[in-house]
Amino acid sequence: EEKVGAWLDMTEKSMLPTAFLAGGDFIAAGIINALKKRNIRVPQDVSVMSIDGFNLAAIEDVPLTAVHVPRDELGTEAVHMLQQRLVRPDATVGALLLYGKLVIRESVRRIRPG
């Protein structure tokens, strides 16, 4: 919140981005607080979105749009990969892709139709 606030204080209002994408709900909450303190409205003036979807997303003053990370699956797959590495330490390293789920709430607005 402090760093975003300092940046906002140095930035002309006409140069503000249309949106902030935060790496977590707590960071997004800090961004929203910094914006509110400067009378910048979410989502009317600036959209805010998070990649996390922790419990905080639904209880903020402005319900937060977020990509929910599948944490349980992520943990399970990490343990499986570690077990495989212990059994076959020289095996080639693979990649794993887990899909998150976009949960649209009130912190984002469309800036153009369509």
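Residues numbered from 1 in each chain as written. Predicted model: local features only at pLDDT ≥ 70, side-chain atom pairs only at ≥ 80, totals over all residues. Heavy atoms only, no water.

A. Focus on the side chain of Ser107. Looking at the element boundaries, Ser107 is found in the segment after strand E4 (101-103). Overall, the relative accessible area of 0% leaves Ser107 in the buried class. At 2.5 Å, the side chain of Ser107 forms a polar contact with the backbone oxygen of Val48. For Ser107, the residues in contact, after removing those within four places along its chain, are Val42, Pro43, Val46, Ser47, Val48, Val62, Pro63, Leu64 and Thr65. (Helix = DSSP H or I, 4+ residues; strand = E, 2+ residues; numbered from the N terminus. Buried < 20%, exposed > 50% of the residue type's maximum accessible area, 1.4 Å probe, protein only. Polar contact = N/O pair within 3.5 Å; in protein donor to acceptor, adjacent residues only side chain to side chain. Contact = heavy atoms within 4.5 Å.)

B. Here's a closer look at the pairing of strand E1 (residues 19-22). In E1, alternate side chains face the same way, and those of Phe20 and Ala22 are buried while those of Ala19 and Leu21 on the opposite face are not. Pairing geometry for E1 and strand E2 (residues 47-52), over four bridges, is parallel. Of the residues in E2, the one forming a bridge with Phe20 is Val48. The parallel pair E1 and E2 is bridged by helix H2 (residues 25-37), and the resulting crossover is right-handed. (Pairing = 2+ DSSP bridges. Right-handed = clockwise from strand over helix to strand, strands pointing away.)

C. Fine view of the packing of helix H1 (residues 2-10) against H2. Between H1 and H2, the least distance of the axes is 8 Å, while the angle of their chain directions is 40°. Here H2 runs oblique to H1, going by the angle between their axes. Considering the relative orientation of H1 and H2, their crossing is right-handed. Judged by residue contacts, Val4, Gly5 and Leu8 of H1 engage Ile31, Ala34 and Leu35 from H2. (Axes fitted to C-alpha atoms, helices over the stretch in contact; angles between N-to-C directions. Parallel < 35°, antiparallel > 145°, perpendicular 65-115°, else oblique. Left-handed = near helix turned anticlockwise from the far one by under 90°.)

D. Quick look at the nonpolar core. Core analysis: the largest hydrophobic core is formed by 16 residues, its most contacted members being Leu8, Phe20, Ile31, Leu35 and Val48. Contributing elements (two or more residues each) for this core: H1, E1 and H2. A per-element tally of this core places H2 first, with five residues. In contact with Leu8, other than residues within four places in its own chain, are Leu16, Phe20, Ala34, Leu35, Arg38 and Ile40. (Core = buried A, V, L, I, M, F, W, Y, C linked by side-chain atoms within 4.5 Å.)

E. Structural view of unusual backbone geometry. A cis amide bond links Val42 to the next residue, Pro43, at an omega of 5°. Positionally, Pro43 belongs in the loop between H2 and E2.

F. Quick look at the pattern of salt bridges. As enumerated under the stated definition, the model contains three salt bridges in all. Linking Glu1 and Lys37 is a salt bridge whose minimum nitrogen-to-oxygen distance equals 2.6 Å. Here Glu1 is found in the segment before H1, whereas its partner Lys37 is found in helix H2, with 36 residues between them in sequence. Here Arg41 makes a salt bridge to Asp45, at a shortest N to O gap of 2.9 Å. Here Asp45 falls in the partly exposed class, since its relative accessible area comes to 29%. (Salt bridge = Lys/Arg side-chain N within 4 Å of Asp/Glu carboxyl O.)

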